[in-house]
Amino acid sequence: MKRKQKKILARIIISAVLLIVVKIFEPETWWLAALLYAVPYLIIGYDVLRKAAINIRNGQVFDENFLMVIATIGAYATGEFTEAAAVMLFYQTGELFQSVAVGKSRKSISALMDIRPDYANIEREGVLEQVDPEEVAVGDEIVIKVGEKIPLDGIVIEGESFVDTSALTGESLPRSVHPDEDVISGCINQTGLIKVRVTKPFGESTVSKILDLVENSASKKARAESFITRFARYYTPAVVFAALALAVIPPIFAGGWLNWLHRALIFLVISCPCALVISVPLSFFAGIGGAGKQGILVKGGCYLEVLSRSGTVVFDKTGTLTKGVFNVTVIHPERIGEARLIELAAYAESYSTHPIAKSIIDAYNADIDRRRIGACEELSGRGVRAVIDGLDVCAGNDKLMDEIGVKWHPCHHVGTTVHVAVDGVYAGHLVISDEVKETSAEAIKALKANGVGKTVMLTGDSKEVGEDVAKRLGIDEAYTQLLPADKVERVEALISQKSEKQALVFVGDGINDAPVLSRADIGIAMGAMGSDAAIEAADIVLMDDDPLKIAKAIRISRRTIRIVYENIIFALGVKLLVLILGALGLASMWAAVFADVGVSVIAILNAMRALRVKD
Amino acid sequence: MKKTFKLDELDCANCGAKMENAIKKIDGVNDCTVSFVTQKLTLDADDERFDAVLKEAVKVCRKIEPDCEIVIK
């Protein structure tokens, strides 16, 4: 509790005790009673009175302090001394609860986002110094001890360790880092001391970008939030005028003006829209915080709102559903051993810079002794021809095999096939393909289970490869051999096909998807840690490569929206009910205070549920 | 120019909404958001008039919620 809150608590206790004491000795004469009850009333309410006075001078007629003062003074004037003091007391208690609850929520949300590093260790003249991360320049070498946060992005130059990336990715398994590997800021170094050469200034490091994104998320307001602030603007004056009408019109016909005045005062107490105005943005922010904890960065409440309506999810293939890394997935030797086939292919390809050559050499996974290679020739569009240990080795596609007159046969596996011939005899083939991510199939299933009607895949890859992946993953539609511009067109066509109420989500790896990401209703960039273009263009960023997070993000958004509507309906419902009961003379001023601050506190507590995410 | 400021002692959500509205009405302001949750004010105003606009915004805030202060670094 802050000092200010403690002071209010003390005032509440003193005033409550005094109120009870006065009540026990119930003064006989009315003027004595008025005087004695004024003591606890002023103790608890002097700051409300002061604020009301200041605000009315500033022309703020519909200020909640001012309305509270009118209500309680009105009660006082009608001889309800106990009620006036008690209502003020109850109101302040509610405000205290509210401020504690808001403080707690702010804290727990910001704790989730507690990735800001406080310092960096930099070696100067042999001494380790702690400096502000902002003062560290690119190229500086920093030391990260066990248990410390990595303050800036960089490359490890010394030491090995495991780093905890959970604050960024939601992934609980620590990642091992070795020299020459990149590390990103915000991770926690867990097991060993590492030395890192800084590659980005603090302002451009991952941690700053994420913090920026989270902090600015509150300024992108959801429709529900704008609605409620607009509503609040009319709500207070409307209730105040209703109160005025209630105090004046019925007594003209029915008389008993004191009774009607009392009912009107109840209206004034309920006229503050705070519960609504607090709980809606708080729910969104808690939802964004909860998603952030899972490694899902949402740029604003408005995106959660749209995401909750997603009906079509469109995927890019490479890097999104597949790993984006080309590997040798099939080895079919003929007449020679598997290892021998790989060896020959790797030696033949060893001078090539083609990505396919790289994946074959990776699959061989041993040092290449260049002395064993004689003449070597790259045949563009077909493959390579090399002399290895005196053998004439050709490695390439079917065109190359036809050219040298070797009989080959196609492989039933989908991918890029590399045939190998030794001294004019067919020796077998390798298939190189992009592997599908382990969780992709499950991710598509999870989307369907969460009510996504249609899944679509777009790819620049060949028809066979694309359709094969789509079929294996259970994707409804696949469009292949698309250029980046075709993708935008395709997405536009899909947007016009779907119903107005549903949203279209596009998921890409963010490298060349920027136009599509921004064209879709919601653009999700994945595996985007560090990619500026993706963070810029996407509405939601998945910090790890896991496509399963898409369904999770949709679930979080739906839950958040449900909580928002619960709060709106609950707060408005209670207020309306108490207004009606108050007008009929069935509700006391106590109920009115509950409808004001009590509802706020309950709505705040409900909003905080959005922070917790079930697996 | 767009700048973000911290709002100290912003305790009442409705006041935040009122401030946002009032600041939006100041001449030279392109856009403004007040976030009660993060206690932040984002002000987007014309470059050459930014300081004058900010001064006006501080005044407006004080009028609506005397306890709340825009922290200017």
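A. Examining the overall build of chain A more closely. The helix and strand inventory of chain A stands at 21 helices and 22 strands. Taken against the 2.2 N^0.38 rule, which gives 25 Å for 615 residues, the C-alpha radius of gyration of chain A at 34 Å runs more than 25% over that of a compact globule. Principal-axis analysis of the C-alpha atoms gives chain A an extent of 120 × 65 × 35 Å. Taken over 615 residues, chain A has a buried fraction of 47%.

B. Spotlight on the packing of helix H2 (residues 30-57) of chain A against helix H3 (residues 64-77) of chain A. Residues and elements named next belong to chain A. Relative to each other, H2 and H3 sit at 120°, their axes nearing to 8 Å. Between H2 and H3, the angle falls in the class oblique. Taken as a pair, H2 and H3 cross one another with a handedness that is left-handed. Contacts between H2 and H3 involve Gly 45, Val 48, Leu 49, Lys 51, Ala 52, Asn 55 and Ile 56 on the former and, on the latter, Asn 65, Phe 66, Met 68, Val 69 and Thr 72.

C. The interface of chain B and chain A, seen in detail. Listed per partner, the contact involves 15 residues of chain B and 21 residues of chain A. If you list the elements that add at least two residues to the side of chain B that touches chain A, you get helix H1 (13-24), strand E2 (29-35), strand E3 (40-45) and helix H2 (50-64) of chain B. Take the side of chain B that touches chain A: its biggest share by element is 3 residues, from H1(B). Residues of the side of chain B that touches chain A, tallied by class, amount to 7 nonpolar, 5 polar and 3 charged.

D. Structural context of the sheet that holds strand E4 (residues 69-71) of chain B. All names here are of chain B. Reading across from one edge, E2-E3-E1-E4 is the order of the 4 strands in this open sheet, with antiparallel pairing throughout. Every other strand in the sheet has two partners, leaving E2 and E4 as the edge strands with one partner each. Put simply, the sheet's adjacent strands are angled 30° from each other on average, direction ignored. When E2 meets E3, the two strands line up antiparallel, connected through 6 bridges. Its bridge partner lying in E3, Ser 35 is registered against Lys 40. Taken strand by strand, H1 contacts E2 and E3, and its axis lies near 175° from that of E2. In this fold H2 packs onto E2, E3 and E4, with an angle of close to 140° to the strand it touches most, E3.

E. Quick look at the pairing of strand E14 (residues 383-388) of chain A. All names here are of chain A. Pairing analysis gives 5 bridges linking strand E13 (residues 373-379) to E14, with the strands arranged antiparallel. Residue pairing in the sheet places Glu 378 in a bridge with Val 384 of E14. Taking the residues between adjacent antiparallel strands as the criterion, E13 and E14 are bridged by 3 residues, where Gly 381 takes a positive phi near 80°. Sheet topology note: the E14/strand E15 (residues 391-396) ladder contains 6 bridges and is antiparallel. In the strand pairing of E15, Val 387 is matched with Asp 392. Between the antiparallel neighbours E14 and E15 lie 2 residues, among them Asp 389 with a positive phi of about 50°.

F. Up close: unusual backbone geometry. All names here are of chain B. The backbone of Glu 9 sits at a positive phi, close to 60°, despite the residue not being glycine. Summarising the element assignment, Glu 9 is placed in the loop between strand E1 (2-8) and H1. Even without a glycine there, the phi angle at Gln 39 is positive, about 55°. Looking at where Gln 39 falls in the secondary structure, it is placed in the loop between E2 and E3. Gln 39 gets classed as buried once you count the C-beta atoms within 10 Å, which come to 20.

G. The packing of helix H8 (residues 257-270) of chain A against helix H20 (residues 548-583) of chain A, seen in detail. All names here are of chain A. At a minimum axis separation of 9 Å, H8 and H20 run at an interaxial angle of 170°. One element, H8, and the other, H20, form an angle in the roughly antiparallel class. Viewed along their axes, H8 and H20 form a crossing whose handedness is left-handed. Side by side, H8 and H20 meet where Arg 263, Ile 266, Phe 267 and Ile 270 of the first sit next to Lys 575, Val 578, Leu 579, Gly 582 and Ala 583 of the second. Considered class by class, the residues forming the contact of H8 with H20 number 6 nonpolar, 1 polar and 2 charged.

H. Main features of the sheet that holds strand E5 (residues 161-164) of chain A. Residues and elements named next belong to chain A. If you walk across this open sheet you meet the 3 strands as E6-E5-E8, and the pairing is antiparallel. Two strands bound the open sheet, and with one partner strand each, they are strand E6 (175-177) and strand E8 (188-189). Across 3 bridges, the pairing between E5 and E6 is antiparallel. Following the sheet pairing, Val 163 is matched in E6 by Arg 175.

Thresholds applied
- Residues numbered from 1 in each chain as written.
- Chains lettered and ligands numbered in written order.
- Predicted model: local features only at pLDDT ≥ 70, side-chain atom pairs only at ≥ 80, totals over all residues.
- Helix = DSSP H or I, 4+ residues; strand = E, 2+ residues; numbered from the N terminus.
- Rg over C-alpha atoms; globule rule 2.2 N^0.38 Å.
- Buried ≥ 20, exposed ≤ 12 C-beta atoms within 10 Å, placed from the backbone.
- Axes fitted to C-alpha atoms, helices over the stretch in contact; angles between N-to-C directions.
- Parallel < 35°, antiparallel > 145°, perpendicular 65-115°, else oblique.
- Left-handed = near helix turned anticlockwise from the far one by under 90°.
- Contact = placed C-beta atoms within 7 Å.
- Nonpolar A, V, L, I, M, F, W, Y, C, P; charged D, E, K, R; others polar.
- Pairing = 2+ DSSP bridges.

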